[in-house]
Amino acid sequence: MARTRLARRLHGIAPTIFSEMSALAARTGSVNLGQGFPDVDGPPEVIARAVEALGAGANQYAPGPGVPALRQAVARHQARHYGIELDPDTEVVVTTGATEGVAAALLGLLDPGDEVVLLEPSYDSYDAMVQMAGGVRRGVTLRAPDFRLDADALRAAVTPRTRLLLLNSPHNPTGTVLTRAELQVVADVALAHDLVVVTDEVYEHLVFDDHEHVPLATLPGMAKRTLTLSSAGKSWSFTGWKVGWATGPADLVGAVLAAKQWLTFTSGAPLQPAVAHALDHEPDFPRRLAADLQQRRDLLCAGLRGLGLDPRVPEGTYFALTDTAHLGWRDGLELCLALPERAGVVAVPLQGFYDDPEAGRHLVRWAFCKTTDVVTEGLARLGAADLTR
């Protein structure tokens, strides 16, 4: 047997399930209700600004921290929406999507053996980057059917070796939007144990009904210990542009930049001024998108309920979850691998998003960020198929 040349830091990290399921959808011609990317692009004027930047010569390296126009626009965005005042020169850094923001934050803030407390099910890049940074993962499970934060479990997860909390709200994949009271629990724990909190808020504008996104950094005592990550990908429907940002106190943003300079250094030079335009001049787009997504959420959830799958209605994000145990499959992965042949539909299994796979063994995530026609077609295919084992 040939010996593996893979570095030990990567042992046990499986390929991302999103690429696997999207490739399966493309290969089988299935409706892709798995990976979270929209079928319709963001504002045409923003695209025009990117084209303009290409023609104007913005084709060489952008500054490592990001072009000044975008850093300034991010600072204005945070002030306008949340009353957060930032110095764009020292408290904002542009990243290659929030995924790089997570990677750079963990590489910049963790030493080997440091523990990271995070909510699970957790986005798969979190676990991979904690391991690559030499950290130790401590999961706090959001449990079905409500997927709310368990305050006692959060407190119990913190040990003397805990270095930071990694938070995500609105939460992928459960759709939970943490309430102000739940966030106060997080703040109390962080303050009591002198912890840094890295908070992934990429779905910040995509909340539904009467739910409200509250940035953790706005709670008393949290501004100086919170690193906030976001991007243009979800709220402005440009997931392929991979333009994100990290904001917060200069020492935490500096830690991100210290790692980021050795990852991508910089990226997306002509896209950054276009995203700055989106933040400053397309503020209504995320509101319109959220209203439209809410309608598609309701369409998907009603359709799944009619099929006996009884989804948890999400409070935000792109996704709804269903428990598929009653269908008789060994787990969600077995079901999802069978769905393309059975129904011509792809979804995402969740057991790999948990430290204990049993907690999510039969949970499946469905995306409603697709067009109404795509969601309707996916539901029709599921309805015409035998979904039982």
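A brief report on the enclosed structure follows. (Residues numbered from 1 in each chain as written. Predicted model: local features only at pLDDT ≥ 70, side-chain atom pairs only at ≥ 80, totals over all residues. Heavy atoms only, no water.)

This brings us to the packing of helix H1 (residues 17–28) against helix H11 (residues 332–343). At a closest axis distance of 9 Å, the pairing of H1 and H11 adopts a crossing angle of 25°. By the angle between their directions, the pair H1 and H11 is classed as roughly parallel. For the pair formed by H1 and H11, the contact residues are Ile17, Glu20, Met21, Leu24 and Thr28 on the first element and Leu333, Cys336, Leu337 and Pro340 on the second. Class assignment for the residues of the contact of H1 with H11 results in seven nonpolar, one polar and one charged. (Axes fitted to C-alpha atoms, helices over the stretch in contact; angles between N-to-C directions. Helix = DSSP H or I, 4+ residues; strand = E, 2+ residues; numbered from the N terminus. Parallel < 35°, antiparallel > 145°, perpendicular 65-115°, else oblique. Contact = heavy atoms within 4.5 Å. Nonpolar A, V, L, I, M, F, W, Y, C, P; charged D, E, K, R; others polar.)

We now examine the nonpolar core. Core analysis: the biggest nonpolar cluster contains 101 residues, and Leu70, Leu216, Trp241 and Trp366 have the highest contact counts within it. Residues contacting Leu216, with those up to four places away along its chain left out, are Leu167, Leu183, Val186, Ala187, Val197, Glu201, Met222 and Thr226. With 26 residues, the next largest nonpolar core counts Val102, Ala104, Ala105 and Leu252 among its residues. (Core = buried A, V, L, I, M, F, W, Y, C linked by side-chain atoms within 4.5 Å. Buried < 20%, exposed > 50% of the residue type's maximum accessible area, 1.4 Å probe, protein only.)

Strand order in this open sheet of three strands is S9-S12-S11, and the pairing throughout is antiparallel. Looking at which strands have only one partner, the edges of the open sheet turn out to be strand S9 (319–323) and strand S11 (348–349). By the bridge criterion, two bridges tie S11 to strand S12 (residues 363–367) in an arrangement that is antiparallel. Looking at S12, one finds that Val348 is bridged to Arg365. (Pairing = 2+ DSSP bridges.)

On to helix H2 (residues 44–55). Since there are 3.6 residues in each turn of an α-helix, residues three or four apart along the chain are aligned in direction. Along its 12 residues, H2 runs 17 Å from first to last C-alpha, staying within 8% of the 16 Å computed at 1.5 Å per residue. Within the sequence span of H2, burial applies to Val46, Ala50 and Ala53. For H2, the angular spread of the buried residues around the axis is 60°, confining them to a single face. Residues of H2 that are exposed and angled more than 90 degrees away from the buried face: Pro44, Val51, Glu52 and Gly55. Residues of H2 that are buried sit in contact with helix H9 (271–281). Gly57 sits one or two positions beyond H2 and adopts a positive phi of about 100°. (Expected span 1.5 Å × (residues − 1). Arc of directions from axis to C-beta.)

So, on to unusual backbone geometry. Across the junction of Ala144 and Pro145, the peptide omega takes the value 5°, indicating a cis bond. A cis geometry characterises the amide bond from Asn172 onward to Pro173, with omega recorded as 20°. We note that Phe147 has phi near 55°; this positive angle belongs to a residue other than glycine. Note on placement: Phe147 falls in the loop between strand S4 (136–141) and helix H6 (151–157). The residue Ser237 is not glycine, and still its phi comes out positive at about 60°. With respect to the secondary-structure elements, Ser237 resides in the loop between strand S7 (226–231) and strand S8 (244–247). On the basis of relative accessibility, which here comes to 6%, the residue Ser237 falls in the buried class.

Take the pattern of salt bridges next. One pass over the full model with this rule turns up 23 salt bridges. Put simply, Arg287 and Asp284 hold a salt bridge, and the shortest N to O gap is 2.0 Å. One end of the pair, Arg287, and the other, Asp284, are both in helix H10 (residues 284–306), three residues apart, so they sit about a helical turn from each other. With a relative accessible area of 37%, Asp284 lands in the partly exposed category. When salt bridges that share partners are traced, they join Glu120, Asp127, Arg137 and Asp355 into one network. (Salt bridge = Lys/Arg side-chain N within 4 Å of Asp/Glu carboxyl O.)

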